[in-house]
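# Structural features, examined
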Amino acid sequence: MLVKETYDVIIVGGGPAGLAAGLYCQRAALKAVLFEKGVPGGQIAISKEVENYPGVEGINGIELAEKMLHHARSFGLTIVQEEVVEVRTGPGRHSVRLANGDQFHATALILGAGGTVWKLGVPGEAEYLGSGVSYCGTCDGFFFRDRTITVVGGGDTAVEESLLLSKLASKVYLVHRGSALRAARLLQGRLAGERGIEEVPNTVITGIRGNGEQVVAVSIENTLTGARGEIPTDGVFIFIGYVPNTSLLPPGVRTDEQGFVVTDEKCETTVPGIFAVGDLRRKFANQIVVAAADGSVAALAASHYVEAKKAGVLSL
């Protein structure tokens, strides 16, 4: 297999983190390339509206993604729409292999492959995504002020988001399939003190119904009795799990118990010269502005790493 080209930095993933990394790499005069198998922008490209990105008011996700893409390209970043299927470490340089068989070398790699939210897989879920169906309370909760919300899930995230959303919504239904919540006792204690949250145990969502424009109800089924019913609701927030895309991680990159990559403050992994950014990395909050910050930090750190390698200060 022939190596097509060698770069200072290769970026895998074209979400906010990857695009920010690419922009900063270009500003640092690094020879960089970004590989993205899908549409640049990542998860934000499916967001109906973004109102919490500083300095950008009244914009939808696609428009924000396009602005980020244009900004990175305006500095000369090369973006290739190809899938990376393998990442290898050293010696001397790291490398990536594409689905088409091409291979590229780089001194540093910035991995921003993101993750995947678990979906219910029920009728109406995909149809009303962005029109009542959401996977992020912090992102979309504001749009449901003084309205009725249904939260799906029984773990820590579902309870935390229910508590957050209850400060905005007039009513929150917390639907989960078990007889008891799986969330930490501390969170359950906080939940018990919230009158605006009604727990609906032993229940699954079987469908999401809308009026063609917006969600109006969810269909439910009791897991013990089989009884079916419906909950009128304006929004459905689904928190049943999130899986980081770790299939490309080479041996030696440390992850936590949930699979998220462990990094230092420079976003560098336990393998020198390999950085993890965005939703792939373990951190407190998954937000667009945080992902973009990750990308900028990783690019600045990668620049120092590349220069040190060229000066012969570091060795893999």
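Up top you'll find the structure we're talking about.
All of these numbers come straight from a predicted model, not from anything done at the bench.

### Here's the deal with unusual backbone geometry
One non-glycine residue, Asp146, lies in positive phi territory at about 60°. As for its placement among the helices and strands, Asp146 is situated in the loop between helix 3 (137–140) and strand 9 (148–152).

### Examining the environment of Val133
Examined against the element boundaries, Val133 turns out to sit in strand 8 (residues 133–134). With 103 residues separating them in the primary sequence, Val133 and Val236 have C-alpha atoms 4.8 Å apart. Dropping the residues within four chain positions of it, Val133 is found in contact with Gly124, Glu125, Tyr128, Ile208, Val215, Val236 and Ile238.

### What about the pattern of salt bridges?
Inspection of the entire model under this criterion finds 11 salt bridges. A salt bridge links Asp234 to Arg147, with the shortest nitrogen-to-oxygen separation between them at 3.8 Å. Of this pair, Asp234 sits in the loop between strand 14 (228–232) and strand 15 (235–238) while Arg147 sits in the loop between helix 3 and strand 9, placing them 87 residues apart in sequence. Relative accessible area serves as the criterion here: at 29%, Arg147 is assigned to the partly exposed category. Between Lys266 and Glu268 there is a salt bridge, with the nearest N and O atoms lying 3.5 Å from each other. A relative accessible area of 12% means that Glu268 is categorised as buried. Among the charged side chains, a salt-bridge network with shared partners connects Glu86, Arg88 and Arg97.

### With respect to the pairing of strand 6 (residues 103–111)
For a regular strand, the rule is simple: side chains alternate between the two faces of the sheet. In terms of burial, strand 6 is largely enclosed, as eight of its nine residues are buried. Two strands pair when backbone bridges link them, and strand 5 (residues 94–98) and strand 6 are joined in this way by four bridges, in the antiparallel orientation. What sits directly across from Val96, in strand 6, is Phe104. In terms of strand pairing, strand 6 meets strand 17 (residues 274–276) through three bridges, oriented parallel. Among the inter-strand pairings, Leu109 is bridged to a residue of strand 17, identified as Ile274.

Reading the values: the criteria
- Sequence order as written defines residue numbering, which begins from 1 separately in each chain.
- Two thresholds apply to this predicted model, a pLDDT of at least 70 for residue-level local features and 80 or more for giving and counting side-chain atom pairs, whereas whole-chain, interface and lining totals are computed over all residues.
- Here the side-chain values reflect all heavy atoms present in the structure, with hydrogen atoms and water set aside.
- Helix and strand definitions follow DSSP, with helices as H or I runs of at least four residues and strands as E runs of at least two, each counted in order from the N terminus.
- By definition, residues are in contact when any of their heavy atoms lie within 4.5 Å.
- Between Lys or Arg on one side and Asp or Glu on the other, a salt bridge is scored when a side-chain nitrogen of the former is within 4 Å of a carboxyl oxygen of the latter.
- Whether a residue is buried, partly exposed or exposed follows from its accessible area with a 1.4 Å probe, protein chains only, as a fraction of its type maximum: under 20%, in between, or over 50%, in that order.
- Criterion used throughout: strands pair if DSSP finds at least two bridges between them.

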